[in-house]
Amino acid sequence: MQNLLFISNNPRVKLLRDQLQAQVRMRVDLVTDFDHGLKDVFEKRPAVVCIQEQIAGVTGESVARHIQLLLGSDAPSFVLLHDGSGKARAVPGVFSHLINLTEPPELLHNHLCKALQVLLGDRW
């Protein structure tokens, strides 16, 4: 079974996680800090990690790169979650999908589902 992991302390992500979990046949986990996120990545090996742009001064990009360095070709795909930041950008080889958490809930859900469909293909 495929796993999906959210690493975010944004309250909108909990609602999004609950909505997705009811819709898909995959385990959808949520952790609110990078330390627990790293632990879950290594223990549960999710196919996709949706990671917040920044938590407590640490960037999601640095955490994603660290995971990629340690796991190599076994690293999950990453989706960057941001709060409407003008600084959020696609980073080749790290983030090809960006999700703006300030969008209306229905639009947010649709954008995430489209990104997951691209990343997971037939497994979605």
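You'll find the structure just up there.
As the structure is a computational prediction, the values presented were derived from the model and not from experiment.

A.B. asks: Is there a simple way to explain the environment of L101 in this structure?
C.D. replies: Locating L101 in the fold gives a position in the loop between β7 (95-100) and α4 (105-120). What makes L101 buried here is its relative accessible area of 1%. Those residues in contact with L101 that lie beyond four places of it in its chain are N10, R12, V13, L81, H82, D83 and L108.

A.B. asks: Help me out: how do you make sense of the layout of surface pockets in this one?
C.D. replies: Empty space left among the atoms is revealed by rolling a probe the size of a water molecule over them. Here the largest pocket defines a volume of roughly 180 Å³. In terms of lining residues, the largest pocket is bounded by E53, Q54, T59, G60, E61, L80, S85, K87, A88, R89, V91 and F95. Classifying every residue of the lining of the largest pocket gives four nonpolar, four polar and four charged.

A.B. asks: Would you mind showing me how to read the packing of helix α1 (residues 11-23) against α4 here?
C.D. replies: When two helices pack together, their arrangement is captured by the angle between the axes and the distance separating the axes. For the pair α1 and α4, interaxial distance at closest approach is 11 Å and the crossing angle is 60 degrees. In this view, α1 runs oblique relative to α4, as classed from their interaxial angle. The interaxial crossing formed by α1 with α4 has right-handed handedness. Residues R12, L16, Q19, L20 and Q23 of α1 pack against P105, L108, H109, L112, C113 and L116 of α4. Among the residues forming the contact of α1 with α4, the class breakdown is seven nonpolar, three polar and one charged.

A.B. asks: Sorry if this is basic, but what is going on with the sheet that holds strand β3 (residues 48-52) here?
C.D. replies: Neighbouring strands of a sheet are bound in pairs by backbone hydrogen bonds; such pairs are parallel or else antiparallel. Across the sheet, five strands lie side by side as β2-β1-β3-β6-β7; this open sheet has parallel pairing. Looking at the sheet topology across the chains shown, the edges are occupied by β2 (27-31) and β7. Adjacent strand axes in the sheet meet at a mean angle of 20 degrees, parallel and antiparallel pairs treated alike. With respect to the sheet, helix α2 (residues 34-44) is in contact with β1 (3-7), β2 and β3, its orientation differing from that of β1 by roughly 170 degrees. Packing of α4 onto the sheet brings it into contact with β1, β3, β6 (77-82) and β7, and relative to β7 it is tilted by some 165 degrees.

A.B. asks: Help me understand the packing of α2 against helix α3 (residues 60-71) in this model?
C.D. replies: With their axes 11 Å apart at the nearest point, α2 and α3 run at an angle of 25 degrees to one another. Accordingly, the angle class assigned to the pair α2 and α3 is roughly parallel. For the pair α2 and α3, the sense of crossing is right-handed. Here F34, L38, V41 and F42 of α2 lie close against α3, whose contacting residues are G60, V63, H66, I67, L70 and L71. Here the contact of α2 with α3 is built from residues that sort into eight nonpolar, two polar and no charged.

A.B. asks: Please clarify how the pattern of salt bridges should be interpreted in this entry.
C.D. replies: If the charged atoms of two oppositely charged side chains come close together, the side chains can form a pair. Counted by the stated rule, this structure contains seven salt bridges. With its nearest N and O atoms 3.0 Å apart, the salt bridge here joins D29 to R27. Here K44 makes a salt bridge to D29, at a shortest N to O gap of 3.5 Å. In this pair, K44 sits in helix α2 while D29 sits in strand β2, placing the two residues 15 residues apart along the sequence. By relative accessible area, K44 is classed as partly exposed at 30%. Shared partners join several salt bridges into a network, and the residues in it are R27, D29, D40 and K44.

Here is what the cut-offs are and how they apply
Residues numbered from 1 in each chain as written. Predicted model: local features only at pLDDT ≥ 70, side-chain atom pairs only at ≥ 80, totals over all residues. Heavy atoms only, no water. Helix = DSSP H or I, 4+ residues; strand = E, 2+ residues; numbered from the N terminus. Buried < 20%, exposed > 50% of the residue type's maximum accessible area, 1.4 Å probe, protein only. Contact = heavy atoms within 4.5 Å. 1 Å grid on protein atoms, 1.4 Å probe; cavity = no way out; pocket = protein on both sides within 12 Å on 5 of 7 lines; lining within 4 Å. Points joined across faces, edges and corners; volume = space filled by probe spheres on them. Nonpolar A, V, L, I, M, F, W, Y, C, P; charged D, E, K, R; others polar. Axes fitted to C-alpha atoms, helices over the stretch in contact; angles between N-to-C directions. Parallel < 35°, antiparallel > 145°, perpendicular 65-115°, else oblique. Left-handed = near helix turned anticlockwise from the far one by under 90°. Pairing = 2+ DSSP bridges. Salt bridge = Lys/Arg side-chain N within 4 Å of Asp/Glu carboxyl O.

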